[in-house]
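Residue-level listing of the chains:
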Amino acid sequence: MLSSFFLRGKRRGDVIFRWVVLGAAGYSLLMLALVAFSIGEGSIDAFGKEGFAFFGMTDWNAVEGRESYGALPYVVGTLVSAGIAMGIGVPVSLGIAVFVSEIAPPKFGGPVAYIVEVLAAIPSIVYGLWALFVFRFWILDFIERPLYEAFGGSLPFFAKTPFGLDVFTAGIVLAIMTIPIISSISREILKAVPNSQREAAYSLGATRWETVWKFVFPYAKAGLLGAAILGLGRAVGETMLVTMVIGNAVGANAIPDTLFSPSQTLSSVIANEFNEAVTNFHISALIALGVTLFILTMAINVGAQFLVSRMVKVVPGAKE
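Rules behind the numbers
- Residues numbered from 1 in each chain as written.
- Predicted model: local features only at pLDDT ≥ 70, side-chain atom pairs only at ≥ 80, totals over all residues.
- Heavy atoms only, no water.
- Helix = DSSP H or I, 4+ residues; strand = E, 2+ residues; numbered from the N terminus.
- Buried < 20%, exposed > 50% of the residue type's maximum accessible area, 1.4 Å probe, protein only.
- Contact = heavy atoms within 4.5 Å.
- Areas by Shrake-Rupley, 256 points an atom, 1.4 Å probe, with all protein chains shown as cover.
- Lys, Arg positive; Asp, Glu negative; His and termini not counted.
- Charge placed at Lys NZ, Arg CZ, Asp CG, Glu CD.
- Axes fitted to C-alpha atoms, helices over the stretch in contact; angles between N-to-C directions.
- Parallel < 35°, antiparallel > 145°, perpendicular 65-115°, else oblique.
- Left-handed = near helix turned anticlockwise from the far one by under 90°.
- Nonpolar A, V, L, I, M, F, W, Y, C, P; charged D, E, K, R; others polar.
- Core = buried A, V, L, I, M, F, W, Y, C linked by side-chain atoms within 4.5 Å.
- Patch = residues over 30% accessible without salt bridge, like charges linked within 9 Å, V, L, I, M, F, W, Y side chains within 5 Å.
- Salt bridge = Lys/Arg side-chain N within 4 Å of Asp/Glu carboxyl O.
- Polar contact = N/O pair within 3.5 Å; in protein donor to acceptor, adjacent residues only side chain to side chain.

Enquirer: Help me out: how do you make sense of the overall build of the protein chain in this one?
Expert: For the protein chain, the count of helices and strands is eleven helices and two strands. Helices and strands appear in the protein chain in the N-to-C order α-α-β-β-α-α-α-α-α-α-α-α-α. Once the C-alpha set of the protein chain is aligned to its principal axes, its extents read approximately 80 × 55 × 35 Å. When each of the 320 residues of the protein chain is scored for burial, the buried share is 39%. Taking the intrachain contacts of the protein chain between residues at least 6 apart in sequence as the baseline, contacts between residues at least 24 apart amount to 73%. For the protein chain, the exposed surface amounts to about 17800 Å²; the carbon and sulfur share of it is 69%. For the protein chain, the centre of its 21 positive side-chain charges and the centre of its 21 negative side-chain charges are spaced 18 Å apart.

Enquirer: Would you explain the packing of helix H5 (residues 124–151) against helix H6 (residues 167–191) in this entry?
Expert: Between two packed helices, what matters for the description is the angle formed by their axes and the separation of those axes. Closest axis-to-axis distance for the H5/H6 pair is 9 Å, and the angle between their directions is 125°. Put simply, H5 runs oblique to H6. As for the relative orientation of H5 and H6, their crossing is right-handed in sense. Touching Ser124, Tyr127, Trp130, Ala131, Phe135, Arg136, Ile139, Ile143 and Glu144 of H5 are Phe168, Thr169, Ile172, Val173, Ile176, Met177 and Pro180, all from H6. Residue classes in the contact of H5 with H6 are distributed as twelve nonpolar, two polar and two charged.

Enquirer: Is there a simple way to think about the nonpolar core in this case?
Expert: Note on soluble globular proteins: their nonpolar side chains tend to be buried together. Trp60, Leu190, Leu241 and Leu289 are the most contacted members of the largest nonpolar core, which has 62 residues in total. The dominant element in this core, judged by the number of residues it contributes, is helix H8 (residues 208–237), at twelve residues. Contact partners of Leu289, with chain neighbours within four places excluded, come to Phe54, Trp60, Ala71, Tyr74, Leu266, Val269 and Ile270.

Enquirer: Is there a simple way to think about unusual backbone geometry in this case?
Expert: When glycine is set aside, most residues are seen to have a negative phi, and most peptide bonds are trans. Positioned with a positive phi, Asn248 is a non-glycine residue whose angle comes to about 55°. Structurally, Asn248 is set in the loop between helix H9 (240–245) and helix H10 (266–273). For Asn248, a relative accessible area of 29% gives the class partly exposed.

Enquirer: Even after reading the chapter, I still don't get a nonpolar patch on the surface, so can you show me in this structure?
Expert: A contiguous nonpolar patch, built from Ile125, Val126, Leu129, Phe133, Val134, Phe137, Trp138, Phe142, Ile143 and Met240 and spanning about 920 Å² of accessible area, is present on the exposed surface. Looking at which element gives the most residues to the nonpolar patch, the answer is H5, with nine residues.

Enquirer: So what exactly am I meant to see when it comes to the packing of helix H3 (residues 72–103) against H6 here?
Expert: Between H3 and H6, the least distance of the axes is 6 Å, while the angle of their chain directions is 35°. Of the two elements, H3 crosses H6, and the hand of that crossing is right-handed. Looking at side-chain class alone, the contact of H3 with H6 contains 20 nonpolar, nine polar and three charged residues.

Enquirer: What's the story with the side chain of Ser183 in this structure? I'm lost.
Expert: Its place among the elements puts Ser183 in helix H6. A polar side-chain atom of Ser183 sits 3.2 Å from the main-chain carbonyl oxygen of Pro180. Not counting chain neighbours up to four residues away, the residues in contact with Ser183 comprise Ser93, Ile96, Ala97 and Val116.

Set out below in C-alpha cells:
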C-alpha cells in the first residue's frame, strides 16, 4: 500500500508538471495571438485605404486631407542599419567569445567576461545619449570625413557629405550595443563544446587556430547562429538608440543611397510620431508599421529556424 501511495504521488506530480508546461506554452501562443490581433485590428484603416501597396509605397505625408503613407523606406532603413550592425558585431563578438573561452587564462578571461556581461545590461537609452553627444563626433571626424575625402568622388557608398547622424552611425552604435549580447551567448556555447573535441584536434597536431576553426566552430555552429540571430532581432527592433542617431528622414528621403544618408527605421518612426498623430488614418498607419515590423521579425525567426535545422545533424531516431 505504501508503494502504491508513492506511485500515485508520482503520477499526480507528472500530471501537475504536464499542465504547468502546457500552460507556459499556451501563454506564449496566447500573447502572440493577442499582439497579432491588436496590431491587425489597429491597422485596418491604413490597409483599407492603401491596400497591400502600403508595403511598397514611399510616401509619408501626415497633412490632414492629403495623407498618404508607405512602409518601404523604413523597411530599407531597418534592414540596412541592422545589416551594418551584424557585419561589424558578429565577427567582433566571435573574437571576444573565442578569446575568453579558448585563449585567455581564467584569471584574465573571467573579468573580461564579467565586463562584457555588464555592458549587455546597459539600457539602450544610455547608449543612445552617449552616441548622440559623444560618439557621433568621433565617427564623423575619424571615419566618415576621411572616407568621404578619400573615396567620395569615386565610390557611391561615400558620395554624400557626412553629418554624423546617418545610417552608418546608427549601424555602428547598434553593433556596439549587440556585441555584448552575442559574445556572452557565444562564449557559453563555446564553453559547452566537449573538451574531447579539442583533445582530439591537438592529438592530430592541429594548431590552436585549426582547433577552433575546424573542430570547435563546426560543433557549435548552430548555437553560434542562434546567438547572431538574437543579436539581429535586438538590432531590428531597437527604438530609442536608433531614433537619436539615424537622422530621422521622412518618406522617400529615408531610403539611404549612401552610407552617410539619414534614414529611419520602422520602430523609430513609431516612436517619433505616435504622440503627435491626430487623425485615425495616421495612427492606423503607424500601427501598420508595427505590423510590418512584426512580419519582418517573424520572417527573420522562421528563416533562422530553417538555417539551424539545415545545419544541425539529426541523429537517427532522435527527436528534433
